[in-house]
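If you want the building blocks of each chain, they are given just below.
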Amino acid sequence: MMTVEELRKIKEETLKHMESKLYKLDKEKIGQKATNRHVLICGGPGCYSSNVEEIKERFVEKIAEKGLENVEVSISGCFGLCESGPNIEIYPDGTFYSRIKIEDVDEIVEKHLCQNEIVERLLNEDAKKEDKILPVHQVDFYKKQEKIALRNCGIIDYNSIEEYIALDGYHALAKVLTEMDRGEVIEVMKKSNLRGRGGAGFPTGRKWETAYKYEADKKYVICNADEGDPGAFMDRSILEGDPHSVLEGMAICGYAVGSDQGYIYIRAEYPVAVKRLRTAIKQAREKGLLGKNILGTGFNFDIELRLGAGAFVCGEGTALMESIEGRRGMPRPKVERTAHKGLWGKPTIINNVETFANVAPIILKGADWFRSIGTEDSPGTKVFALGGKVKNTGLVEVPMGTTLREIIFDIGGGTVGGKKFKAVQTGGPSGGCIPEEFLDTPVDFASLSKIGSIMGSGGMIVLDESDCMVDIARFFLDFTVDESCGKCVPCREGTKRMLEILERITEGEGTPEDLDRLESLAEIITSSSLCGLGQTAANPVVSTLKYFREEYEAHVYEKRCPAGSCQALLQYFITDKCIGCTKCARNCPVSAISGKVKEKHVIDTETCIKCGACMEACPVGAIIKK
Amino acid sequence: MANVTITIDSKKVTVPSGTFIIEAAKEVGIEIPALCYDPNLEVVGACRLCLVEVEGSRKLQTACSTKVWDGMVVHTRSERVVKARKEILQLLLDNHPNDCLTCQKAGECLLQKYAYEYDVKFREHDGDRRPALVDTSSPYILKDDSKCILCGKCVRTCAQVADRQVLTFANRGFNTRIVADIDLSLEESSCVSCNRCVTVCPVGALLDKRLMGKGRPWEFEIKEVKCKVCEYGCDFEVLSRNGKNVAVRAKAPSNGRPLCLKGRLTTEFIYLDEPYTPYKKENGEFKETTWKEALGLDNIIEKLLDKEEISTGVEYNG
Amino acid sequence: MAFEFNWEGNKDRVNRLLNFIEENKNKKGVLMLILQETQELFGYLPKEILELISEKTNIPLSEMYGVATFYSQFSLVPKGENVIGVCLGTACYVKGGQEILEKIQEILGIGVAETTPDGKFSIDATRCLGACGLAPVIMINEKIYGRLTVDSVEEVINQYR
């Protein structure tokens with residue numbers, strides 16, 4: 001059994017080996033001398049799939065070959081900038097290399113590590129500004145970020161419980177077990193006003209208090225790791241990069257509410273996260289940080305993993321519990337509160353991954369510290385997954401209240417290929433599309449819902465002028481129809497009818513009545529569905545109808561897709577670039593193209609079947625579709 | 001539990017706290033429409049037809065799963081409520097065959113009743129519909145998926161008897177269906193033809209096959225009888241038309257009564273003027289059988305035929 | 001297609017499953033765990049095995065079927081040796097995930113949820129794989145391939161032929 005004293009000892013011992021990479025936490029120190037050097041390789045979900053294990057091995061081999069001493073190589077959790085992965089940072093100087101291939105390793109070792117010479121061609125493109133080489137923390141992508149949930153991601157080795165302990169890991173658990181009574185923990189959580197990061201934003205402390213006050217012989221703590229929103233991967237990154245932070249948060253919750261059993265319900269689509277969680281749980285048990293009599297305080301708490309099996313609706317609390325209980329994940333009517341009657345009829349706390357990852361720092365640094373970050377309505381930070389048509393796709397953690405513009409343009413680097421920004425989709429299938437006019441909205445729970453979207457779990461998909469908003473709405477409805485559990489009538493039948501209408505519109509068969517019908521369907525689905533999935537299912541349609549109605553109308557009245565994205569509505573045209581080579585006419589399978597040799601040809605749009613053969617055949621790019 | 005007083009459509013009613021709105025409303029004679037609710041079954045809140053307005057709640061609440069609290073004010077027929085119910089009924093009709101003319105359930109169908117009450121009509125559309133899978137394999141139960149509204153009452157009632165649990169939801173979303181075992185026909189499945197499911201089905205998706213074509217609900221005279229086969233004494237109905245007993249059907253399996261085929265056949269045998277051929281399931285196949293065998297009553301058939309002796313308390317017009 | 005379950009050839013797997021059931025049968029909510037183990041061991045949920053599980057656990061077949069058909073990761077028919085999951089999450093969709101899916105279908109000559117005649121590949125259209133930074137992505141077995149184009153995808157698949 002581990003004692004608090006031993007926990008501190010592990011911290012001290014481990015810190016010795018971590019010195020230079022810890023400079024990442026202390027910007028002042030970057031570039032200063034250190035006793036060792038550290039090659040830190042990103043092992044986030046994106047980079048990990050690009051053979052970073054092999055890259056690490058090559059570094060180790062090459063460093064040994066060169067006889068270099070005091071150089072450590074490790075893979076850590078997600079650095080955030082997936083766009084340019086695999087990413088590597090070298091400390092103490094904070095050099096930021098990107099898109100590293102295994103062939104590049106030798107050069108980095110020979111030049112950078114042996115001769116202190118930066119390999120400029122491998123630098124991240126934003127790490128160079130007007131001949132100046134910027135350390136990683138000064139790169140635009142990282143400048144405005146502030147990390148709480150992702151505090152250890154990109155620093156510690158996710159397979160090492162010691163490194164987690166070295167950065168004060170399990171110290172918050174030790175603190176609550178030895179210095180605080182259960183009520184005090186609840187008070188701190190309430191005062192911090194940490195709001196649930198899974199989407200709805202319910203105050204965590206209040207939730208815990210409800211279960212704390214309810215007497216029962218057994219209570220449960222569930223971590224909702226069924227991160228199903230397409231375009232969101234913050235929970236995955238936390239679970240893979242810093243699994244212990246979630247375990248610790250759950251154990252603290254268990255102590256506060258009086259539970260001795262936790263479950264992590266995780267999607268089966270995340271095999272790597274499952275593996276790392278299994279390792280972490282095993283390590284924590286071995287060290288006596290999970291299990292019986294934790295830290296000798298008499299507190300028992302253990303955690304079991306339960307895997308999902310591919311059902312988005314299981315992210316909904318009651319459906320998730322049904323699934324853990326071994327049934328079809330169909331949501332239950334909320335006759336009783338989950339904090340009173342949840343899993344197996346016992347008081348249950350369900351929080352998501354990011355919420356639990358915020359708990360330990362709040363305990364250690366206090367509620368006032370936490371409230372000093374973010375906004376009054378929503379203190380703290382939020383992790384966003386930036387994706388779609390944005391330059392820097394990846395994970396960002398910023399204080400609540402940061403504007404959409406800062407996130408998308410300052411951090412995300414704006415759109416790609418000179419295309420015009422059109423909207424940002426937040427909150428996944430339950431969220432909405434936010435147009436340019438609201439880019440200066442400071443992001444928090446209240447502000448996003450005011451403009452017709454939601455925070456959701458933090459997915460942010462940037463859309464540009466080539467994305468058709470009707471098609472995006474159709475995409476999300478397709479998702480919802482597929483993922484609806486089928487239990488309640490409005491969601492099962494209503495979303496299907498909405499999808500059918502959207503399909504008709506994108507195929508050019510929509511009628512003006514369809515737009516009215518969409519609105520009335522949206523209303524009934526929202527107001528009468530059983531669970532959150534149904535109640536928010538119409539949001540993508542409602543928000544696009546509100547902000548991009550003219551796109552719907554163009555499809556319906558003019559049979560035209562302004563974004564040029566809906567295949568059925570595209571028409572092919574020949575521009576003045578045409579040299580009259582006749583190639584297009586000869587390749588057209590339905591003889592829709594006419595014209596004399598060396599003269600501009602014309603497409604008969606009535607006959608054209610939009611196969612695109614002419615466009616492929618044209619040697620001068622004179623054929624366009626719009 | 002303490003009593004609370006609430007107001008439903010301007011009527012005051014006092015009920016034990018913890019009562020659901022739908023039950024409280026019954027106390028003052030207000031019927032709230034519901035397709036999936038049955039006081040004998042677990043509450044699921046699936047059909048959403050029982051939505052009501054509760055003052056102080058932004059959202060409409062389902063009367064079947066919302067408990068009353070003291071001072072609660074409920075509106076069960078406000079404009080908002082009626083509009084929502086119409087939309088929900090329309091969604092159901094959009095996915096339901098328009099064959100009430102010939103449907104055996106007509107006259108007793110809850111969907112038909114509510115559609116009439118809320119003035120919702122069938123309409124043409126090109127959208128998807130439920131597949132018209134009709135299971136005719138059982139001589140006792142006709143299962144028509146195209147008419148199913150997925151209220152799940154059949155699944156819940158089937159699961160109430162240990163060892164049965166034959167019916168289940170399969171697939172999900174719009175493709176959800178009710179199936180037996182691993183999507184077997186009723187004949188191949190472990191279904192014991194107790195007809196519990198038929199008694200709770202609000203629409204024509206599960207029908208008593210031996211009743212089909214015997215008459216319209218409004219043409220029947222109905223007498224309630226108790227089964228004599230075992231001590232449970234399940235309720236059955238004897239339906240007569242033009243003075244002739246033409247069918248027996250199981251009544252709701254209340255108070256933990258299991259209902260069973262043997263009981264039903266016995267009741268048929270006792271009461272029907274011309275009892276239909278009994279069938280028995282052997283190795284996943286229905287086979288015509290003799291009454292003697294069907295009832296498992298080798299020696300006491302004669303006794304049973306002694307009407308005076310067994311029909312105590314129930315008038316028999318044989 | 002009717003599949004005859006090969007008890008003899010699957011003896012080892014069946015025993016492993018029986019051990020798993022024995023070890024875990026007192027766990028609450030065990031059905032999901034058993035079905036996941038079955039899917040893992042056999043690559044699908046054979047009808048015969050479901051019957052066996054029902055016998056060992058007293059869980060009705062209907063309940064098992066209900067659960068098996070609710071979750072998209074369970075399959076009642078055998079899947080290919082290599083399962084290609086094409087991500088159709090939002091980030092992948094706006095970056096051409098749909099075209100990647102169509103290309104893979106064209107290359108393999110099968111549709112979503114189908115298996116090639118040689119049993120080598122099957123295609124799943126999956127939900128977000130959480131590798132949005134690399135969109136569009138596919139996952140073959142447990143490995144992620146990102147930043148794909150319609151032209152580069154064949155090469156990836158060929159590695160598994």
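Residues numbered from 1 in each chain as written. Chains lettered and ligands numbered in written order. Predicted model: local features only at pLDDT ≥ 70, side-chain atom pairs only at ≥ 80, totals over all residues. Heavy atoms only, no water.

1. Topic: the overall build of chain A
To keep things clear, this is the line we draw: A run of H or I in DSSP becomes a helix once it reaches four residues, and a run of E becomes a strand once it reaches two; helices and strands are each numbered from the N terminus. A radius of gyration in this sense is built from C-alpha atoms; the matching globule rule multiplies 2.2 Å by the number of residues raised to 0.38. Burial classes: relative accessible area under 20% of the type maximum marks a residue as buried, over 50% as exposed, and values in between as partly exposed (1.4 Å probe, protein chains only). Residue contacts are counted whenever heavy atoms from the two residues lie within 4.5 Å of one another. Accessible surface area values rest on a Shrake-Rupley calculation with a 1.4 Å probe, where residue burial reflects the displayed protein chains alone. A residue counts as positive if it is Lys or Arg and as negative if it is Asp or Glu; His and the chain ends are not included. Charged side chains are reduced to one point each, which is NZ for Lys, CZ for Arg, CG for Asp and CD for Glu.
A tally of helices and strands in chain A yields 25 helices and 20 strands. Taking 2.2 N^0.38 as the reference for a compact globule, 626 residues should give roughly 25 Å; the C-alpha atoms of chain A span a radius of gyration of 27 Å, in line with that estimate. Across its three principal directions, the C-alpha atoms of chain A cover 90 × 70 × 40 Å. When each of the 626 residues of chain A is scored for burial, the buried share is 63%. Nonlocal contacts in chain A, meaning residues at least 24 apart in sequence, comprise 70% of its contacts between residues at least 6 apart. Counting every atom, chain A has about 22,600 Å² of accessible surface; 47% of that belongs to carbon and sulfur. Where the 83 positive side-chain charges of chain A centre and where its 94 negative ones centre are 1 Å apart.

2. So, helix α9 (residues 204-213) of chain A
When we look at burial in α9 of chain A, the residues that qualify are Thr204, Gly205, Trp208, Glu209, Thr210 and Ala211 of chain A. Of the surrounding secondary structure, the elements contacted by the buried residues of α9 of chain A are α8 (182-192), α11 (243-257), β11 (348-352) and α14 (353-365) of chain A.

3. Thoughts on the sheet that holds strand β8 (residues 261-266) of chain A
Each strand in a sheet pairs with another by means of backbone hydrogen bonds, the pair being arranged parallel or else antiparallel. Residue and element names in this part refer to chain A. Quick reminder of the rule: One bridge is not enough; two strands pair if DSSP finds at least two bridges between them. Fitted lines through C-alpha atoms give the axes, limited to the stretch in contact for helices. The angle between two N-to-C directions lies from 0 to 180 degrees.
Spatially, β9-β10-β8-β7-β11 is the arrangement adopted by the five strands of the open sheet, whose pairing is mixed. Looking at which strands have only one partner, the edges of the open sheet turn out to be β9 (291-294) and β11. Strand-to-strand, the axes of this sheet are offset by a mean angle of 25°, without reference to chain direction. Across the face of the sheet, α11 comes into contact with β7 (220-225), β8, β10 (299-307) and β11 while running at roughly 125° to β10.

4. Observations concerning the environment of Tyr572 of chain A
All names here are of chain A. With respect to the secondary-structure elements, Tyr572 resides in strand β17 (residues 572-574). Considering only alpha carbons, one finds Tyr572 and Lys625, 53 residues apart in sequence, at a separation of 4.3 Å. Beyond its immediate chain neighbours, meaning those up to four positions away, Tyr572 contacts Ile603, Thr605, Cys608, Lys610, Cys611, Gly612, Cys614, Met615, Ile623, Ile624 and Lys625.

5. Topic: the domain arrangement of chain C
Heads up, the condition is: Where a domain begins and ends is set by an automatic assignment or by a domain database.
Each domain of chain C was delimited in the assignment, giving domain 1 (8-70) and domain 2 (82-158). Averaged C-alpha coordinates put domain 1 of chain C and domain 2 of chain C at centres separated by 29 Å.

6. A word on helix α1 (residues 4-18) of chain A
Owing to its 3.6 residues per turn, the α-helix aligns residues three or four sequence positions apart on the same side. Operational definition: Here the expected span of a helix is defined as 1.5 Å times the quantity of residues minus one.
Taking 1.5 Å as the rise per residue, α1 of chain A with 15 residues should run 21 Å; its terminal C-alpha atoms sit 21 Å apart, in good agreement. Check the buried side of α1 of chain A and you find it contacts α6 (161-166) and α7 (171-179) of chain A.

7. Brief notes about the environment of Leu61 of chain C
Of note, Leu61 of chain C is situated in helix α4 (residues 61-70). Taking C-alpha positions, Leu61 of chain C is 6.7 Å from Glu51 of chain C, a pair spaced 10 residues apart along the chain. Contacts of Leu61 of chain C, omitting those with residues within four sequence positions, involve Asp181 and Ile182 of chain B together with Leu50, Glu51 and Ser54 of chain C.

8. A word on the pairing of strand β16 (residues 459-464) of chain A
Residues and elements named next belong to chain A. Across the six residues of β16, six count as buried, placing the element largely inside the fold. Residues of β16 alternate between two faces, with Gly459, Ile461 and Leu463 on one and Met460, Val462 and Asp464 on the opposite face, all of them buried. The sheet contact formed by strand β12 (residues 381-388) and β16 spans four bridges and is parallel. When the bridges of β16 are listed, Ala385 appears paired with Gly459. Pairing between strand β14 (residues 421-426) and β16: five bridges, direction antiparallel. By the bridge assignment for β16, Val424 is matched with Val462.

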